[in-house]
Amino acid sequence: MSNEKSTKVWKTVASFQTFSEADKKRKELAEIYTMVKVRRLSGGFKVKAWNAPDPERDLEKSNADLKKGENNKKKRKKQKAKSNLFNADL
């Protein structure tokens, strides 16, 4: 895993006019999500939720970590290795 810290992407679940309504929803969602918060807005309150990323997904190296063109280089390398095996049989 890289040294860069990934930011949390919060999902807006609902908007309410009063804090008590938003707090009820927050308590409901606390059982489902890792973190839930209520944000005060000028027109009311917003309930936001966040789930931690899957640890299994963190173990896999994603294509986002590759520099531009690296994935194509890997594909060409694999194709070349396959063609070399094929040509060796002839």
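Preceding block: the structure.
Residues numbered from 1 in each chain as written. Predicted model: local features only at pLDDT ≥ 70, side-chain atom pairs only at ≥ 80, totals over all residues. Heavy atoms only, no water.

Visitor: What's the story with the overall build of the protein in this structure? I'm lost.
Guide: In terms of regular secondary structure, the protein is built from 3 helices and 3 strands. Written out in order from the N terminus, the α and β elements of the protein read β-α-β-β-α-α. Among the 90 residues that make up the protein, the fraction classed as buried is 14%. Restricting the contact set of the protein to residue pairs at least 6 apart, pairs at least 24 apart contribute 44%. (Helix = DSSP H or I, 4+ residues; strand = E, 2+ residues; numbered from the N terminus. Buried < 20%, exposed > 50% of the residue type's maximum accessible area, 1.4 Å probe, protein only. Contact = heavy atoms within 4.5 Å.)

Visitor: Quick question: what am I supposed to make of the packing of aromatic side chains here?
Guide: Two descriptors summarise a pair of aromatic rings, namely the distance from one centre to the other and the angle between the planes of the rings. Following the criterion strictly, the structure yields 2 aromatic pairs and no others. Here the aromatic rings of Phe19 and Phe45 are separated by 5.7 Å at their centres, their planes lie at 70°, and the arrangement is edge-to-face. You can see Phe19 sitting in helix α1 (residues 19–29) and its partner Phe45 sitting in strand β3 (residues 44–50), a full 26 residues away along the chain. When its relative accessible area of 43% is taken as the criterion, Phe19 is described as partly exposed. One residue, Lys37, lies across the ring of Trp10, its end atom 4.0 Å from the ring centre. (Phe/Tyr/Trp six-rings, centres within 6.5 Å; stacked < 30°, edge-to-face > 60°. Lys NZ or Arg CZ within 6 Å of the ring centre and 35° of its normal.)

Visitor: Where do I start with the nonpolar core in this structure?
Guide: For soluble globular proteins, the rule of thumb is that nonpolar side chains tend to be buried together. Counting 8 residues, the largest nonpolar core consists of Ala22, Leu29, Tyr33, Val36, Val38, Phe45, Val47 and Ala49. Elements supplying a minimum of two residues to this core: α1, β2 (35–41) and β3. The element that contributes the greatest number of residues to this core is β3, accounting for 3 residues. Apart from residues lying up to four places away in sequence, Val47 is in contact with Lys11, Thr12, Val13, Ala14, Phe16, Ala22, Lys25, Arg26, Leu29, Val36, Lys37 and Val38. (Core = buried A, V, L, I, M, F, W, Y, C linked by side-chain atoms within 4.5 Å.)

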